[in-house]
Amino acid sequence: MNKILIIGAGLCGSLLALRMAQRGYEITLVEKRPDLRKVTQDAGRSINLALSDRGLRGLRLAGVEEEAKKLCIPMHGRMIHDKAGNTFLSPYSGRKDEYINSISRPGLNMLLLDEAEKMPNVNIIFNHACEEVDLENASAIFKDFNSKKEIKIEADVIFGTDGAGSAVRKSMFESHKFLFSFLQQWLSHGYKELEIPAAENNGYRTYKNALHIWPRGEDMLIALPNLDGSFTVTLFLPYENSDYCFANLTTPEMVHEYFNKEFPDVVEMIPNLAEEFFGNPTGPLGTVKCSPWNSFGKVLLMGDAAHAIVPFYGQGMNASFEDVVVFDEILEKYTSEENINWNNLFKEYEALRKKDTDAIADLAVDNFHEMKEHTAMEIFQRKRKLETAFEAEFPDEYYSKYSLVTFKESITYSEALKRGRAQDKAILNLLDDGKIKDEMSLKEKLELVKKETEAILHDDEVAGNLK
Ligand SMILES: Cc1cc2nc3c(=O)[nH]c(=O)nc-3n(C[C@H](O)[C@H](O)[C@H](O)COP(=O)(O)OP(=O)(O)OC[C@H]3O[C@@H](n4cnc5c(N)ncnc54)[C@H](O)[C@@H]3O)c2cc1C
């Protein structure tokens, strides 16, 4: 059986290692950081994440869905907080069984490492940072942080799952032996994590089963629940050129002034606000697109290394887990061959997958604007209400853009983008033109939206064909 080297034991790498080991490959999984099961966690590094259907499908494939669900807190909708402290819950779907989950990043990563380590054909090496990959010969040089020496690991095939700042991708970028395209785009906003601690007896200081949002136009605060009663809060704020931005929130007084003005109901829930604000790092938010993901049939990028996205659809990890599912389906076809042609396999995988990861990257940027601005707008709230009613009343006939992306893993991200954007445009146009009238039945409203959506999809197709 082929020897597989997987570089990066984060969420994607550890799931991939487990799955490939289940298929019988000899796996070496190498991670730059220390074993996270043995050290205390860095503060402020995205402590929890939203896990939804596409991610669950990946976990199911490797037989760890049920264990992962034990770490999950269901979030049924967005709890919107206005400046006056009023709240309202906007459900994620009109179908009662559709919700997303808050899950601990280290908790999930530890579960995947534990499961991978149980396999006799997996060897996990920590504290080794990949420095360079020999793309043609499938070997990589690592710096061992314990001995400070360099070591070389050879394999038949390498997977680069070393995240958004991938060293494997850098080796491809620097190679002059093939044409490698690379795009990196930063938002003008950064993020900072804070914590709402648990109340007494691990109680929750605000509603537990929702993703909380304080939308304020240019900036936004969100909070996701943790099992211990705390919430991980993330502030999204411009770096500069704004009344309040990271560049000018430089003193505890400024931080308190800003929070008292924009998020007064949060201030009382974060006792050490200024201390946390200055103690935790500010992270950048970017999109990475690149191609090809494969070099010489020897190395393949996967997860954030291939397609880092901004976090506003809560889909980065989900997409990375879906990568493993899509790859596994293609691998299944090739396993009947005596000697797998990895080059063909990798090419087929990229041809199928890239348009979808490009689509979720674009959708995630759309959702940035939706969350920080649109969720507070009246027309958007009317649209959401209508869509929730459609989904509740006609569960098989209507899926909002959010539901297509988050709950309908049987369709691809690129299909979700195409249909979802057309639907959004259709409903907003119809509402704005006053064509959706109170006296109409819900069924009549649905038919009108469907007709308008089809007309937009048709126009898009014609325009696309003319390109
Ligand atoms: C603020 C924030 C919030 C997010 N929220 C969500 C969410 O709600 N839902 C969701 O689905 N996604 C979310 N994401 C995205 C998600 O975190 C990523 O998409 C996901 O972690 C990708 O998994 P990965 O394994 O590809 O990369 P990573 O999880 O980054 O793992 C990469 C691993 O490689 C290791 N590594 C790096 N360099 C080297 C090297 N040179 N040698 C060896 N090892 C190396 C790293 O230490 C790490 O362990 C969020 C991201 C951010 C920043």
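Residues numbered from 1 in each chain as written. Predicted model: local features only at pLDDT ≥ 70, side-chain atom pairs only at ≥ 80, totals over all residues. Heavy atoms only, no water.

Participant: Is there a simple way to think about the sheet that holds strand β16 (residues 231-238) in this case?
Facilitator: Where strands meet in a sheet, backbone hydrogen bonds hold them as pairs that are either parallel or antiparallel. Read across the sheet, seven strands follow the order β6-β5-β14-β15-β16-β13-β17 without closing on themselves; strand pairing throughout is mixed. Where the open sheet ends on each side, the last strands, each with one partner, are β6 (87-91) and β17 (282-291). Neighbour to neighbour, the strand axes of the sheet diverge by 30° on average, direction disregarded. Across six bridges, strand β15 (residues 219-225) lies against β16 in antiparallel orientation. Each bridged residue has a counterpart across the sheet, and for Met 220 the counterpart in β16 is Phe 236. Across the sheet, helix α6 (residues 252-262) is in contact with β13 (181-196), β14 (211-216), β15 and β16; its angle to β16 comes to roughly 100°. (Pairing = 2+ DSSP bridges. Helix = DSSP H or I, 4+ residues; strand = E, 2+ residues; numbered from the N terminus. Axes fitted to C-alpha atoms, helices over the stretch in contact; angles between N-to-C directions. Contact = heavy atoms within 4.5 Å.)

Participant: Would you take a moment to explain the environment of Met 1 for this structure?
Facilitator: Along the chain, the position of Met 1 falls in the segment before β1 (3-7). For the pair Met 1 and Tyr 25, spaced 24 residues apart in the sequence, the C-alpha separation amounts to 5.8 Å. Apart from residues no more than four positions distant in its own chain, Met 1 is found in contact with Arg 23, Gly 24 and Tyr 25.

Participant: Hey, could you run me through the pattern of salt bridges in this one?
Facilitator: Side chains that carry opposite charge are capable of pairing whenever their charged atoms lie near each other. Following the criterion strictly, the structure yields 35 salt bridges and no others. For the salt bridge of Arg 95 with Glu 98, the shortest nitrogen-to-oxygen distance reads 2.8 Å. Here the residues in one salt-bridge network are Asp 366, Lys 383, Arg 384, Glu 387, Lys 401, Arg 421 and Asp 424, joined through shared partners. (Salt bridge = Lys/Arg side-chain N within 4 Å of Asp/Glu carboxyl O.)

Participant: How should the site of the ligand be read in this particular structure?
Facilitator: Close to the ligand lie 32 residues; Glu 31, Ala 50, Arg 105, Asp 304 and Met 317 are nearest. Arg 33 is positioned with one of its side-chain polar atoms (N or O) 3.0 Å from an oxygen atom of the ligand. A distance of 2.8 Å separates an oxygen atom of the ligand from a polar side-chain atom of Asp 304. Calculation on the ligand without its partners gives an accessible area of 1000 Å², and the protein chains cover 88% of this total. Looking at the shell around the ligand, the elements that each hand over two or more residues are α1 (11-22), β3 (48-51), β9 (128-134) and α10 (316-334). It is α10 that provides the largest number of residues to the shell around the ligand, a total of four residues. Each residue belonging to the shell around the ligand can be placed in one class, and the counts come to 13 nonpolar, 12 polar and seven charged. (Near = heavy atom within 4 Å. Polar contact = N/O pair within 3.5 Å; in protein donor to acceptor, adjacent residues only side chain to side chain. Areas by Shrake-Rupley, 256 points an atom, 1.4 Å probe, with all protein chains shown as cover. Nonpolar A, V, L, I, M, F, W, Y, C, P; charged D, E, K, R; others polar.)

Participant: Looking at this model, I keep getting lost on helix α4 (residues 105-118). Mind explaining?
Facilitator: Note: α-helices contain 3.6 residues per turn, so residues at a spacing of three or four share the same orientation. Here α4 contains 14 residues, and its C-alpha end-to-end distance of 20 Å stays within 8% of the 20 Å for a straight helix at 1.5 Å per residue. Between the side-chain oxygen of the N-cap and the backbone nitrogen of Gly 107 there are 2.8 Å, and the N-cap of α4 in question is Ser 104. (Expected span 1.5 Å × (residues − 1).)

Participant: Just checking my understanding: could you explain the sheet that holds β1 for this structure?
Facilitator: If you walk across this open sheet you meet the six strands as β8-β2-β1-β12-β19-β18, and the pairing is mixed. Looking at the sheet topology across the chains shown, the edges are occupied by β8 (122-125) and β18 (294-295). Of the strand pairs in this sheet, β1 and strand β2 (residues 26-30) are connected by five bridges, and their pairing is parallel. Paired with Ile 6 across the two strands is Leu 29, which belongs to β2.

Participant: Whenever I open this one, a negative patch on the surface confuses me. Can you help?
Facilitator: On the surface, a cluster of negative charge is contributed by Glu 131, Glu 132, Asp 134 and Glu 150. If you tally residues by element for the negative patch, the top one is β9, at three residues. For Glu 150, the position within the fold is in strand β11 (residues 150-154). We classify Glu 150 as exposed; its relative accessible area is 54%. (Patch = residues over 30% accessible without salt bridge, like charges linked within 9 Å, V, L, I, M, F, W, Y side chains within 5 Å. Lys, Arg positive; Asp, Glu negative; His and termini not counted. Charge placed at Lys NZ, Arg CZ, Asp CG, Glu CD. Buried < 20%, exposed > 50% of the residue type's maximum accessible area, 1.4 Å probe, protein only.)

Participant: Sorry, what's going on with the packing of α10 against helix α11 (residues 342-372) here?
Facilitator: Each packed pair of helices is defined by two parameters, the angle between the axes and the distance between the axes. For the pair α10 and α11, interaxial distance at closest approach is 10 Å and the crossing angle is 150°. Between α10 and α11, the angle falls in the class roughly antiparallel. Considering the relative orientation of α10 and α11, their crossing is right-handed. Along the contact surface, α10 presents Ala 319, Glu 322, Asp 323, Val 326, Phe 327, Ile 330, Leu 331, Lys 333 and Tyr 334, while α11 presents Trp 342, Asn 344, Leu 345, Phe 346, Glu 348, Tyr 349, Leu 352, Arg 353, Thr 357 and Ile 360. (Parallel < 35°, antiparallel > 145°, perpendicular 65-115°, else oblique. Left-handed = near helix turned anticlockwise from the far one by under 90°.)

Participant: Please clarify how the pairing of β3 should be interpreted in this entry.
Facilitator: The side chains of a regular strand alternate, first on one face of the sheet and then on the other. Here β3 shows a buried face lined by Asn 48 and Ala 50 and a second buried face lined by Leu 49 and Leu 51. Bridging between β3 and strand β7 (residues 100-104) involves four bridges; their strand directions are antiparallel. Residue pairing in the sheet places Leu 49 in a bridge with Ile 103 of β7.

Participant: Just to check I follow, could you spell out the UniProt feature "domain: FAD-binding" (unreviewed entry) in the protein for this structure?
Facilitator: Those places that UniProt annotates as "domain: FAD-binding" (unreviewed entry) correspond, in this numbering, to residues 3-172 and 295-354. Measuring from the first to the last C-alpha atom of residues 295-354 gives 15 Å, for a span that is 60% helix and 7% strand. (UniProt positions renumbered as here; feature names shortened; annotations may be inferred.)

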